[in-house]
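Geometric and topological summary
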Amino acid sequence: MSIDKNYCCIILTMKKIFLVIFLLIITNLPVFAEYKPIPETLSKQYKKEMEQIINSEYKKTINNIDNHVKDAKRIRDKILKNGFNIDDYITLSLIPDTCIPSADLDLYGKMLKVTQEKYLGMEYKPISTDSVNPIDDILSPYFRDNNVNRSKLNKILLYENKKIKIVEEYIKQVEKLRPTSNQNIY
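Reference entry: report on the structure contained in this document. (Residues numbered from 1 in each chain as written. Predicted model: local features only at pLDDT ≥ 70, side-chain atom pairs only at ≥ 80, totals over all residues. Heavy atoms only, no water.)

**Looking at the side chain of Arg76**
Residue position: Arg76 is located in helix H2 (residues 43–82). On the basis of relative accessibility, which here comes to 12%, the residue Arg76 falls in the buried class. In this view, Arg76 contacts Tyr170, Gln173 and Val174; residues no more than four positions away in its chain are not counted. (Helix = DSSP H or I, 4+ residues; strand = E, 2+ residues; numbered from the N terminus. Buried < 20%, exposed > 50% of the residue type's maximum accessible area, 1.4 Å probe, protein only. Contact = heavy atoms within 4.5 Å.)

Here is the structure:
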């Protein structure tokens with residue numbers, strides 16, 4: 001009899017846990033799926049302003065990427081000249097993984113801020129991320145609905161990928177100098 005009672009308690013507990021998880025998912029879905037369209041009367045103005053932000057920040061973003069590549073080259077040259085150093089190697093390794101992919105965060109942040117504050121009447125809250133992907137996911141429906149030209153954003157992405165490959169080559173060159181034992185790393 002005690003086995004049946006324990007079994008029933010386990011089943012009831014599992015049902016309660018499932019119900020709580022289900023309710024959490026259901027109540028949070030509207031938060032993630034909120035899409036408030038920009039009024040049609042502001043559509044042309046929105047398109048113009050977004051393209052203006054993209055155009056004004058494009059060169060600055062490209063320069064930002066170029067500066068990261070220059071830093072990577074400087075670090076690589078330093079390692080080639082002075083020998084392997086773990087601190088420099090780690091710094092170099094972070095450039096293609098974090099620095100270059102986040103070079104356009106300011107651009108996307110400006111577009112999100114203008115979209116939310118000016119056109120949606122929402123309070124702008126920056127998203128804690130080192131990638132533009134979540135911001136792009138939020139902005140894409142607005143860009144699509146208002147025919148915002150994304151060609152320069154795509155060019156930035158392609159440029160980032162091209163420069164990441166260059167820095168990855170720098171890393172490969174440095175890794176050839178890496179000692180096989182940990183005693184000589186520092």
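We are not done yet, so read on.
**Concerning the environment of Tyr46**
In this structure, Tyr46 sits in helix H2. Residue classification places Tyr46 among the buried residues on the basis of a relative accessible area of 0%. Spatially, the C-alpha atoms of Tyr46 and Lys118 are 9.2 Å apart, while their sequence positions differ by 72 residues. When neighbours within four sequence positions are excluded, Tyr46 is seen to be in contact with Ile38, Thr115, Tyr119, Leu139, Tyr142, Phe143, Asn146 and Val148.

**Details of helix H3 (residues 86–99)**
The terminal C-alpha atoms of H3, which comprises 14 residues, lie 18 Å apart, in line with the 20 Å expected from a rise of 1.5 Å per residue. The largest bend in H3 is about 25 degrees, located at Ser93, with the proline Pro96 one to four residues further on. Residues Ile86, Asp88, Tyr89, Leu92, Ser93, Ile95 and Pro96 constitute the buried set of H3. The opening residue of H3 is Asn85, an N-cap whose side-chain oxygen sits 2.8 Å from the backbone nitrogen of Asp87. (Expected span 1.5 Å × (residues − 1). Bend = angle between axes of the 7 residues up to and from the residue. Polar contact = N/O pair within 3.5 Å; in protein donor to acceptor, adjacent residues only side chain to side chain.)

**Description of the packing of helix H4 (residues 105–119) against helix H5 (residues 133–145)**
Contact geometry for H4 and H5: axes closest at 10 Å, N-to-C directions at 50 degrees. On the basis of the axis angle, H4 is oblique to H5. In the packing of H4 onto H5, the handedness of the crossing is left-handed. Each of Leu105, Tyr108, Met111, Leu112 and Thr115 in H4 lies in contact with H5, whose residues at this interface are Ile135, Asp136, Ile138, Leu139, Tyr142 and Phe143. (Axes fitted to C-alpha atoms, helices over the stretch in contact; angles between N-to-C directions. Parallel < 35°, antiparallel > 145°, perpendicular 65-115°, else oblique. Left-handed = near helix turned anticlockwise from the far one by under 90°.)

**Some words on the pattern of salt bridges**
Applying the stated rule across the entire model yields nine salt bridges. Where Glu51 meets Lys47, a salt bridge forms, and the shortest distance between an N and an O atom there is 2.8 Å. In this pair, Glu51 and Lys47 both sit in helix H2, four residues apart, roughly one turn of the helix. Residue Glu51 is classed as buried on the basis of its relative accessible area, which comes to 19%. Several salt bridges share partner residues, and in doing so they unite Glu57, Lys60 and Lys110 into one network. (Salt bridge = Lys/Arg side-chain N within 4 Å of Asp/Glu carboxyl O.)

**As for helix H6 (residues 151–175)**
Residues three or four positions apart in an α-helix share a direction because the helix packs 3.6 residues into each turn. Helix length check: H6 (25 residues) gives 36 Å between terminal C-alpha atoms against 36 Å at 1.5 Å per residue, within 8%. Of all the positions in H6, only Leu153, Ile156, Glu160, Lys163, Ile164, Val167, Tyr170, Ile171 and Val174 are classed as buried. Packing partners of the buried residues in H6 comprise H2, H3, H4 and H5.

**Quick look at the nonpolar core**
Core analysis: the largest hydrophobic core is formed by 38 residues, its most contacted members being Tyr46 and Met111. Elements with a minimum of two residues in this core: H2, H3, H4, H5 and H6. The element best represented in this core is H2, accounting for ten residues. Beyond its immediate chain neighbours, meaning those up to four positions away, Met111 contacts Met50, Ile53, Ile54, Leu139, Phe143 and Leu153. (Core = buried A, V, L, I, M, F, W, Y, C linked by side-chain atoms within 4.5 Å.)

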